[in-house]
Amino acid sequence: MYAIVEIAGQQFKVAKDQKVFVHRLAGEEGDEISFDKVLLAGNGDDITVGAPAIEGALVGAKITRHLKGDKVIVFKKKRRKGYRVKNGHRQALTEIVINDISLKGGKKTEAKAESKSKEDKDLSSYTVAELKEMAKEKGLEGYSSLKKAELIEALSK
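Quick caveat, the model's predicted, so the values are computed rather than measured.

Some points on the overall build of the protein
No. 1: Scanning the protein for helices and strands turns up 3 helices and 8 strands.
No. 2: Looking at the protein residue by residue over its 157 residues, the buried ones come to 25%.
No. 3: Put simply, the protein shows about 11200 Å² of open surface, and 49% of that area lies on carbon and sulfur atoms.

The structure is reproduced here in structure tokens:
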């Protein structure tokens, strides 16, 4: 079984017991972490595609170590101008080992503010123009000068 999962803004194809180097993650060595943004899962000929992510799918992993990547040299030069700049960079990485891939693992939810956060997520998917139109229909005053976050807050009251 394999899965395509988004970790730290990048997509990785992972399988059980595979080692993956990803951008530095928060957490100590030995911590168990899970990723719920599974974009695709496959088991032989059975392939499940999410839109954009598969609901309830989880990929469990364990942080094995934090390290730095290989040095990359960045050299810039402009001919006949005397301009030369040399920079080096080492990317901070985390090595993780994939423990399990489950399609029905249950998504992480917050029970306390679930209804309010759902409403905010629904409103945040709208554009500013659509939010202003909703404010106009609702009869709010001064909505034309509000920013998106302020419009969402005003409409959720």
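Concerning a positive patch on the surface
No. 1: Where like charges cluster on the molecular surface, the positive patch consists of R24, K68, K71, K86 and R90.
No. 2: If you list the elements that add at least two residues to the positive patch, you get β7 (58-78) and β8 (83-102).
No. 3: Counting through the fold element by element, K71 comes out in strand β7.

Here's the deal with the environment of D70
No. 1: With respect to the helices and strands, D70 occurs in strand β7.
No. 2: Separated by 21 residues in sequence, D70 and Q91 place their C-alpha atoms 7.4 Å apart.
No. 3: Ignoring sequence-local partners within four residues, the contact set of D70 consists of H89 and R90.

So, the pairing of β7
No. 1: Where strand β4 (residues 32-35) meets β7, 4 bridges bridge the pair, whose relative direction is antiparallel. Looking at β7, one finds that I33 is bridged to A61.
No. 2: Pairing analysis gives 18 bridges linking β7 to β8, with the strands arranged antiparallel. In the sheet register, G60 faces β8, and the bridge partner there is D100.
No. 3: Connecting the antiparallel pair β7 and β8 is a turn made up of 4 residues, with R80 showing a positive phi of about 65°.

Some points on the side chain of T94
No. 1: One can find T94 in strand β8.
No. 2: Using a relative accessible area of 0% as the deciding quantity, one classes T94 as buried.
No. 3: One polar contact links the side chain of T94 to the main-chain amide nitrogen of L25, over a distance of 3.0 Å.
No. 4: At a separation of 3.1 Å, a polar atom in the side chain of T94 contacts the side chain of H66.

Re the sheet that holds strand β1 (residues 2-7)
No. 1: What the 4 strands build is an open sheet, ordered β2-β1-β5-β6; its pairing is antiparallel. Bordering the open sheet on either side are β2 (10-15) and β6 (46-49), each of which pairs with just one other strand. Along the sheet, successive strands turn relative to each other by an average axial angle of 15°, direction set aside.
No. 2: Here β1 runs beside β2; their pairing, made up of 6 bridges, is antiparallel. Bridging from a neighbouring strand, I4 pairs with K13 of β2.

Some thoughts on the packing of helix α2 (residues 128-138) against helix α3 (residues 148-156)
No. 1: Where α2 meets α3, the closest approach of the two axes is 10 Å, and the angle between their N-to-C directions is 35°. Relative to α3, the crossing made by α2 is left-handed. Contacts from V128, L131, K132, M134, A135 and K138 of α2 reach α3 at K148, L151, I152, A154 and L155.
No. 2: Here the contact of α2 with α3 is built from residues that sort into 8 nonpolar, no polar and 3 charged.

Quick word on the confidence of the model for the protein
No. 1: With 89% of its residues at a pLDDT of at least 70, the protein reaches an overall mean of 87.
No. 2: This stretch, residues 106-115, has a pLDDT under 50; its non-local contacts, to residues over four places away or in other chains, come to 6 contacts.

Observations regarding the nonpolar core
No. 1: Core analysis: the largest hydrophobic core is formed by 20 residues, its most contacted members being I7, V14, F35, V59, I96 and I98.
No. 2: Within the residue set of this core, elements represented by two or more residues are β1, β2, β3 (19-23), β4, β5 (38-43), β7 and β8.
No. 3: Counting 6 residues, the second largest nonpolar core, distinct from the first, contains L123, L131, L151 and I152.

Basis of the calculations
- Residues numbered from 1 in each chain as written.
- Predicted model: local features only at pLDDT ≥ 70, side-chain atom pairs only at ≥ 80, totals over all residues.
- Heavy atoms only, no water.
- Helix = DSSP H or I, 4+ residues; strand = E, 2+ residues; numbered from the N terminus.
- Buried < 20%, exposed > 50% of the residue type's maximum accessible area, 1.4 Å probe, protein only.
- Areas by Shrake-Rupley, 256 points an atom, 1.4 Å probe, with all protein chains shown as cover.
- Patch = residues over 30% accessible without salt bridge, like charges linked within 9 Å, V, L, I, M, F, W, Y side chains within 5 Å.
- Salt bridge = Lys/Arg side-chain N within 4 Å of Asp/Glu carboxyl O.
- Lys, Arg positive; Asp, Glu negative; His and termini not counted.
- Charge placed at Lys NZ, Arg CZ, Asp CG, Glu CD.
- Contact = heavy atoms within 4.5 Å.
- Pairing = 2+ DSSP bridges.
- Polar contact = N/O pair within 3.5 Å; in protein donor to acceptor, adjacent residues only side chain to side chain.
- Axes fitted to C-alpha atoms, helices over the stretch in contact; angles between N-to-C directions.
- Left-handed = near helix turned anticlockwise from the far one by under 90°.
- Nonpolar A, V, L, I, M, F, W, Y, C, P; charged D, E, K, R; others polar.
- pLDDT = per-residue confidence, 0-100.
- Core = buried A, V, L, I, M, F, W, Y, C linked by side-chain atoms within 4.5 Å.

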